[in-house]
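Each chain, letter by letter, is given below.
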Amino acid sequence: MGQFGVGQAIRRKEDIRLLEGKGRYLDDLHFENQAYGAVLRSPHAHAKIKSINIENAVNLNGVLDIITAKDLKADNITGIPCLAKVESRDGQDMANPLRPILAEDYVRYVGDYIAFVVAETKEIAKAALEYIEIDFDILDSITNPVDASKNDSPRVWDNLDTNRVFDWENGNKDKVDDIFKNSELKSEVHLINNRVVVNSMEPRGAIGQFDKDKNKFTLYTPSQNVHLMKTLVSGSLGIESENLRVVSPDMGGGFGMKVFIYPEQILLPYASKRVNKTVKWTSDRSEAFISDTQGRDHVTKAEIALDKNGKFKAIRVKTISNMGAYLSNFAPMIATQAGTVMLTGLYDIPEAYVNVLGVFTNTVPIDAYRGAGRPEASHIIERLVDVAASDHGFAKDQIRRINLIPNEKVPYKTPLGPEYDSGNFIKNLEDALKISKWSNFYERKKEAKKRGKFRGIGIGCYVEAAAGGPNEDVEIIFEEDGSVSVLIGTIAIGQGIVTSYSQVLEELLGIDFEKINIIMGDTDKVATGGGTGGSKSLMLGASAMKHASVEIINKGKKIAAHLLEASEADINFSDGYFTIKGTDKKINITDVAKTKQSDLPENIDASLNTKANSDVSNGTYPNGCHVCELEIDGDTGHVKLLNYTVIDDLGKVINPLIVEGQVHGGIVQGLGQVLMEHCIYDHSNGQLITGSFMDYAMPRADNVPPKISLGFNEVLCTKNPLGIKGAGEAGTVGALGCIVNALVNALEEFGVSHIEMPATPESLWGIINSKQ
Amino acid sequence: MYEFQYHKASSINEVKEKISSLNDPKIMAGGMTLIPTMKQRLAAPSDIIDLSNINELKGISKEKGFIIIGAMTTHFEVHTSELVKKEIPSLAFLAGLIGDPMVRHRGTIGGSVANSDPSADYPSSVISLGAKIITDKREIESDEFFIDLFETALDDDEIILSLKFPIPNKSAYMKFPQPASRYALVGVFISDTKEGIRVGITGAGPCAFRSKEIEKALSKNFTESAIENVNIPSENLNSDIHASAEYRAHLVKVMAKRAIKKLS
């Protein structure tokens, strides 16, 4: 293994450039002849647009164009489709109204798109928004998903009978109902998975360019999936996809939110053609709060049936999932196929039934947010396990030992569909308990009480499903200067993928880490791609590289055999060198790559350049165990996380330092949701109350536990050649249930069985105060 | 941001002149509230008169039992001033809790006090220490200065020159931050001054105020337990998504106790 090979905790090669301020984010890109766009957004949650008058605005000095739905219609610009299809249990297709680029007759949430102004400066564009006159007929709105599911609720879509998007089910209802009917022991928990705002550090943005001579559009936009962007944006624009190039520059965070296609990404190229200028739009933070897709927002009732020995027999879960006013590209999938299929977690539960009702509300569209349904599922099952343990007198660790899937049952197929290929789930738990000093926790709790603190500890055994596809192509090109270019359709979103890929390639081909250039995020350079999301990039990318390297070595052996005057069968390859077996005669792969065709016989191809596909047919199941220890200040309700222990089985770890960073970030995102993040709407009028960082709390350094102990229990995935399971979302998936369990444990003397997220100081103080 | 004219004044007289001659001017100290408000297009002054070039508004000095802090002195300067740390350490401590390093290097004590944000930190110290607000027209007693939400005793054209803090025997500040903004959800400043115990509360009400209830209890017995049975009425306290009035009233007691603890 080389110095920069697989398993080395090396620092990220992309960091120096970014830390020195040399990153090129969207807002750093400037073009000659550039104009600026601004979006007129709805101030109302639900209203009929009676008229739009742009006359005063369009006549302002410096205003170049104002686009409304009428223009889009005239030019056959179509809306953004939802790509996820969920069938209801009654056999009906889901409600699937097309999301318009700009509102035609109705606006359906505060922030909804009404018009797009193009002007010579950003200031003029923003000023012009105030001169557009709109006559609204304000209608009743609904923001709460439970209320929206009722028959007498205001309807988000006037042409639909109800707010129902789908009423989906999975599992065997009759069997599960039967088990519950006959079960001695049962438990249930009602919980809310609070809506959160994604808040990537870099807001969204887009630059549209139209080259009249080539009849070609270019769209610069931070995107987790430029190829999907190319397909959908060209589709909406009604152009051939080869006439659109999508480029994603450096990206300051995505968390899923930058996978999806937003109206601006269609408006910018369209506007560019209309005004014959490059047009740029960047979201400010206030816009991000009301236009970036948001996450979670589920209301759930979950039940578990167990026998008197504590062995789980079945779970039954009913969730109402808020979709927002429009269906974002993958929204219906999050609460259904992506999330709730993971509801049985790491436990051996023979039967499960889940029903998810998706509803429209007058809120910002929901879609995937780090974990995308799996944190929700993990939160439910881990809470349910703790409640069942408390209800029926089992220790929290013991009930998990009784029910975790034993090694001899792996590979294990769950009643909801997934098949866990590998893992050592009991060891995850035992290792985490040992490191967290679980067994003598109550001594620490007693000591804390003397200081006026309520100390709690919680377990979160988690499993998540990293995406299995779509498969990735990789193209490896040996350049004349000795460097190697790797073209691949995943995206760098700050996760360190450039470094991880380089380590894999150094390991596979012995190519100098520094000479490897990973090329991503440009549809003119990289032909295909499935983007980055679902913790899948490294698993798929490295698999494709593995397949490509086998071919490259085979090609190289032929060339090396010729150059070294040996038989191909006598050539070995290792650490970047082709060697004649049993001799010290060898040649480096980069020298082999430089061989000219003229120096080789015709039947040997001089080029090592190779394309390969990841060719993986299964998702993976990263899993592990979190243990969180915290204290609640009895006087104020303030929570301090103390020790946080994680044992992770992420399969093969390519770079432990990067993985540690991913796990830390994931946990912080989780604790943010548990303790403070909360997207609050005014139910009376649909206004977003937490529309800025003055009111929407994000976790900061002092909220992070002083120590996160991370250990790996590496069990190789059997479904891809390097055994990788994925690390991007695992921290968040494990954190929610674990931290809530610790909070409930801390306040167990007050008789609480559940605490809702976010567990704000006041809500915790309320529990303490009500009983003291 | 709407368009406006920017003026950098070099004397108080120049500021006065501009205020009287311009259409809808606004005086800017550090701009840490004003600029975000303008960026959100919630304020549209015709002119901004920047005070940052007026040297007589800057600096920290000691005069006969008082610490005098120029209105344009930044939070960072107060936080790191050897003089303030020696004479009124709680004030230096308070300044270090405001915002983040960027805000502390731009924001000023005069700007904060003049704004009377209900959850700003400084007003509690001004009230508790019994500081005088020195303006271009007069001296205003701290008890008369804070009127209501974003409302002070200042006239529209009145400019704070400095704050004159009597050096207390001892004082302490405790703050429970609002989780999102990190402004004071409740902040309690307790001072043992020549005039007796004075307690300034911020974050809890429409503007900073004195808690006569706590003062009375502490005057008899300067201990944590003296506060235990004090009743903090919640009727006129703020209630919002971050905290109910009852929780704020409770936190006033908790923070007061912690301030006392710090002093003993």
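Remember, it's a predicted structure, so these values are computed and weren't measured experimentally.

Quick word on the overall build of chain A
Counting its secondary structure elements, chain A contains 20 helices and 30 strands. Its C-alpha atoms give chain A principal-axis dimensions of roughly 85 × 75 × 50 Å. Per-residue burial over chain A gives 61% buried out of 772 residues. Partitioning the intrachain contacts of chain A with sequence separation of at least 6 by distance along the chain shows that 80% fall at a separation of at least 24. Once the 83 positive and 103 negative side-chain charges of chain A are each reduced to a mean point, those two points are 3 Å apart.

A closer look at the packing of helix 11 (residues 374-392) of chain A against helix 19 (residues 730-746) of chain A
Residues and elements named next belong to chain A. In the contact formed by helix 11 and helix 19, the axes pass within 7 Å of each other and the chain directions differ by 30 degrees. Considered as vectors, helix 11 and helix 19 are oriented roughly parallel to each other. With respect to the hand of their crossing, helix 11 and helix 19 are arranged in right-handed fashion. Contact residues: R374, P375, S378, H379, E382, R383 and D386 in helix 11; T732, V733, L736, G737, V740, N741 and V744 in helix 19. Here the residues of the contact of helix 11 with helix 19 are counted per class, giving five nonpolar, five polar and four charged.

Considerations on the domain arrangement of chain A
All names here are of chain A. When the domains of chain A are assigned, the result is domain 1 (33-139 + 199-289), domain 2 (371-376 + 389-466 + 620-770) and domain 3 (471-529 + 537-613). Using C-alpha coordinates to define each centre, domain 1 is positioned 38 Å away from domain 2. Opposite the nine residues of domain 1 that make contact, domain 2 presents eleven residues. Contact between domain 1 and domain 2 buries roughly 720 Å² in total, counting both sides, with carbon and sulfur atoms accounting for 61%.

Some points on helix 19 of chain A
The end-to-end C-alpha distance of helix 19 of chain A is 25 Å, a good match for the 24 Å that 17 residues give at a rise of 1.5 Å each. Burial analysis of helix 19 of chain A places 17 of its 17 residues in the buried class, which makes it a mostly covered element.

Focus: the interface of chain B and chain A
Contact with chain B, which involves 21 residues of that partner, is made by 22 residues of chain A. When the two sides are added together, the surface that chain B and chain A hide from each other amounts to roughly 1,800 Å², 52% of it contributed by carbon and sulfur. When the buried surface of chain B facing chain A is broken down by residue, B:R182, B:I241 and B:Y247 rank first, second and third, together holding 30% of it. Here A:D635 and B:R258 are joined by a salt bridge, their closest N and O atoms 3.2 Å apart. One can count 13 residue pairs in polar contact (both at pLDDT 80 or more) joining chain B with chain A. At seven residues, the largest contribution of residues to the side of chain B that touches chain A is made by helix 12 (residues 245-263) of chain B. Its residues placed into classes, the side of chain B that touches chain A shows eleven nonpolar, six polar and four charged.

Here's the deal with the environment of A:G373
All names here are of chain A. Among the secondary structure elements, G373 is positioned in the loop between strand 17 (351-360) and helix 11. Linking G373 and L433, residues 60 residues apart in sequence, is a C-alpha distance of 27 Å. The residues contacting G373, other than those within four sequence positions of it, are R296, I334 and G339.

Observations concerning the packing of helix 20 (residues 761-771) of chain A against helix 12 of chain B
Remark: helix 20 of chain A packs on helix 12 of chain B, axes separated minimally by 11 Å, with the N-to-C direction vectors making an angle of 80 degrees. On the basis of the axis angle, helix 20 of chain A is roughly perpendicular to helix 12 of chain B. Residue-level inspection shows A:P761, A:E762 and A:W765 of helix 20 of chain A in contact with helix 12 of chain B, the latter providing B:E246, B:Y247 and B:H250. For the contact of helix 20 of chain A with helix 12 of chain B, the residue count by class is three nonpolar, one polar and two charged.

Quick word on the nonpolar core
Residues and elements named next belong to chain A. Within the largest apolar cluster, 127 residues are counted, with the highest numbers of intra-cluster contacts made by I315 and Y420. Broken down by element, this core gets its largest block of residues, eight residues, from helix 11. Taken together, domain 1 (33-139 + 199-289) and domain 2 (371-376 + 389-466 + 620-770) each give at least three residues to this core, which thus spans both. Setting aside chain neighbours within four positions, we find I315 in contact with V176, F180, E303, I304, L343, T344, I349, E351, A352, Y353, I381 and L384. Ranked by size, the runner-up nonpolar core spans 48 residues in total, among them I488, L505, A544 and I724.

Each value, and the rule that gives it
- Residues numbered from 1 in each chain as written.
- Chains lettered and ligands numbered in written order.
- Predicted model: local features only at pLDDT ≥ 70, side-chain atom pairs only at ≥ 80, totals over all residues.
- Heavy atoms only, no water.
- Helix = DSSP H or I, 4+ residues; strand = E, 2+ residues; numbered from the N terminus.
- Buried < 20%, exposed > 50% of the residue type's maximum accessible area, 1.4 Å probe, protein only.
- Contact = heavy atoms within 4.5 Å.
- Lys, Arg positive; Asp, Glu negative; His and termini not counted.
- Charge placed at Lys NZ, Arg CZ, Asp CG, Glu CD.
- Axes fitted to C-alpha atoms, helices over the stretch in contact; angles between N-to-C directions.
- Parallel < 35°, antiparallel > 145°, perpendicular 65-115°, else oblique.
- Left-handed = near helix turned anticlockwise from the far one by under 90°.
- Nonpolar A, V, L, I, M, F, W, Y, C, P; charged D, E, K, R; others polar.
- Domains from an automatic or database assignment.
- Buried area = accessible area lost by both parts, 1.4 Å probe.
- Expected span 1.5 Å × (residues − 1).
- Salt bridge = Lys/Arg side-chain N within 4 Å of Asp/Glu carboxyl O.
- Polar contact = N/O pair within 3.5 Å; in protein donor to acceptor, adjacent residues only side chain to side chain.
- Core = buried A, V, L, I, M, F, W, Y, C linked by side-chain atoms within 4.5 Å.

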